[in-house]
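Listed below are the residues making up each chain.
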Amino acid sequence: QVQLVESGGGSVQVGESLILSCAAVGDIFRINGMGWYRQGPGNERDMVARITNEGGTTYEDSIKDRFVVTRDNDKKTITLQMNSLKPEDTAVYYCYARVLARTSARGWSDYWGQGTQVTVSS
């Protein structure tokens with residue numbers, strides 16, 4: 001019953017900004033690590049930004065000075081503020097969370113959103 005619901009993707013011009021949001025919904029007991037990953041055309045799904053439940057962050061080198069990841073543990077949400085967007089940022093962006101469901105008998109599981117498209121054009 002746990003799901004990650006993403007929003008905020010779209011098409012923008014080079015240099016513009018977008019904010020991606022993701023909400024973890026369902027019968028959740030705890031969430032540890034969360035993050036954003038992306039997959040461009042013909043590429044693997046790669047880490048963009050990760051954030052611990054205490055707010056510690058890790059960024060992919062190409063975006064760490066342009067993107068900011070935050071989370072709200074009470075609301076079970078994570079956001080990605082994307083600034084100075086480049087065509088190379090064009091990809092499907094996926095929300096990730098490590099979740100312990102309240103009703104789970106098997107412990108921690110990895111959950112992924114369905115993906116939201118970000119397209120940056122010149």
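Here the structure is a predicted model, which is why all the values come from computation and not from measurement.

Undergrad: Would you mind showing me how to read the overall build of the protein chain here?
TA: Broken down by element type, the protein chain carries 0 helices and 11 strands. Along the protein chain, helices (α) and strands (β) appear in the sequence β-β-β-β-β-β-β-β-β-β-β when read from the amino end. Compactness check: the protein chain gives a C-alpha radius of gyration of 14 Å against a globular reference of 14 Å for 122 residues, within 12% of the reference. For the C-alpha atoms alone, the extent of the protein chain along its principal axes is close to 50 × 25 × 20 Å. Contacts in the protein chain between residues far apart in sequence, at least 24 positions, make up 56% of those at least 6 positions apart. If you sum the accessible surface of the protein chain, you get close to 6700 Å²; carbon and sulfur atoms cover 44% of it. Here the protein chain contributes 13 positively and 14 negatively charged side chains, and the mean placements of these two sets differ by 6 Å.

Undergrad: How should I be thinking about the packing of aromatic side chains in this particular structure?
TA: Geometry of an aromatic ring pair is reported as the spacing of the ring centres plus the angle between the planes. By the definition in use, this model includes 3 aromatic pairs. Ring geometry for Tyr37 versus Tyr96: centroids 5.9 Å apart, planes at 70°, classification edge-to-face. Placement of Tyr37 in strand E4 (residues 28-39) and of Tyr96 in strand E9 (residues 91-101) is noted, with a sequence separation of 59 residues between them. Tyr96 matches Tyr37 in its accessibility class, with the two residues each being buried. Taking the centre distance of 5.0 Å and the plane angle of 70° together, the rings of Tyr37 and Trp112 count as edge-to-face. Linking Tyr37 in strand E4 with Trp112 in strand E10 (residues 108-112), this pair joins segments that are 75 residues apart in sequence. Counting every residue linked through ring pairs, the aromatic cluster contains Tyr37, Tyr96 and Trp112. Across from the ring centre of Tyr94, 3.6 Å away, lies the NZ or CZ of Arg45, which sits over that ring. If you follow Arg45 out to its NZ or CZ, it ends over the ring of Trp112, 4.8 Å from the centre.

Undergrad: Help me out: how do you make sense of the side chain of Arg66 in this one?
TA: Within the element layout of this structure, Arg66 appears in the loop between strand E6 (57-59) and strand E7 (67-72). Filtering out sequence-adjacent residues up to four positions away, Arg66 remains in contact with Gln81, Met82, Asn83, Ser84, Leu85, Lys86 and Asp89.

Undergrad: Honestly, the sheet that holds E7 in this entry has me stumped. Any pointers?
TA: The strands making up a sheet associate through backbone hydrogen bonding, with each pair oriented either parallel or antiparallel. Ordered in space as E1-E3-E8-E7, the 4 strands form an open sheet in which the pairing is antiparallel. Strand pairing shows two members of the sheet lacking a second neighbour, strand E1 (3-7) and E7, which therefore form its edges. Direction aside, the axes of adjacent strands within the sheet are offset by 15° on average. Relative to strand E3 (residues 18-25), E1 is paired through 5 bridges, and the arrangement is antiparallel. By the bridge assignment for E3, Glu6 is matched with Cys22.

Undergrad: Just checking my understanding: could you explain the environment of Lys64 for this structure?
TA: When you line up the elements, Lys64 lands in the loop between E6 and E7. It is 8.5 Å that separates the C-alpha atoms of Lys64 and Val48, two residues lying 16 residues apart in sequence.

Rules of the game
Residues numbered from 1 in each chain as written. Predicted model: local features only at pLDDT ≥ 70, side-chain atom pairs only at ≥ 80, totals over all residues. Heavy atoms only, no water. Helix = DSSP H or I, 4+ residues; strand = E, 2+ residues; numbered from the N terminus. Rg over C-alpha atoms; globule rule 2.2 N^0.38 Å. Contact = heavy atoms within 4.5 Å. Areas by Shrake-Rupley, 256 points an atom, 1.4 Å probe, with all protein chains shown as cover. Lys, Arg positive; Asp, Glu negative; His and termini not counted. Charge placed at Lys NZ, Arg CZ, Asp CG, Glu CD. Phe/Tyr/Trp six-rings, centres within 6.5 Å; stacked < 30°, edge-to-face > 60°. Buried < 20%, exposed > 50% of the residue type's maximum accessible area, 1.4 Å probe, protein only. Lys NZ or Arg CZ within 6 Å of the ring centre and 35° of its normal. Pairing = 2+ DSSP bridges. Axes fitted to C-alpha atoms, helices over the stretch in contact; angles between N-to-C directions.

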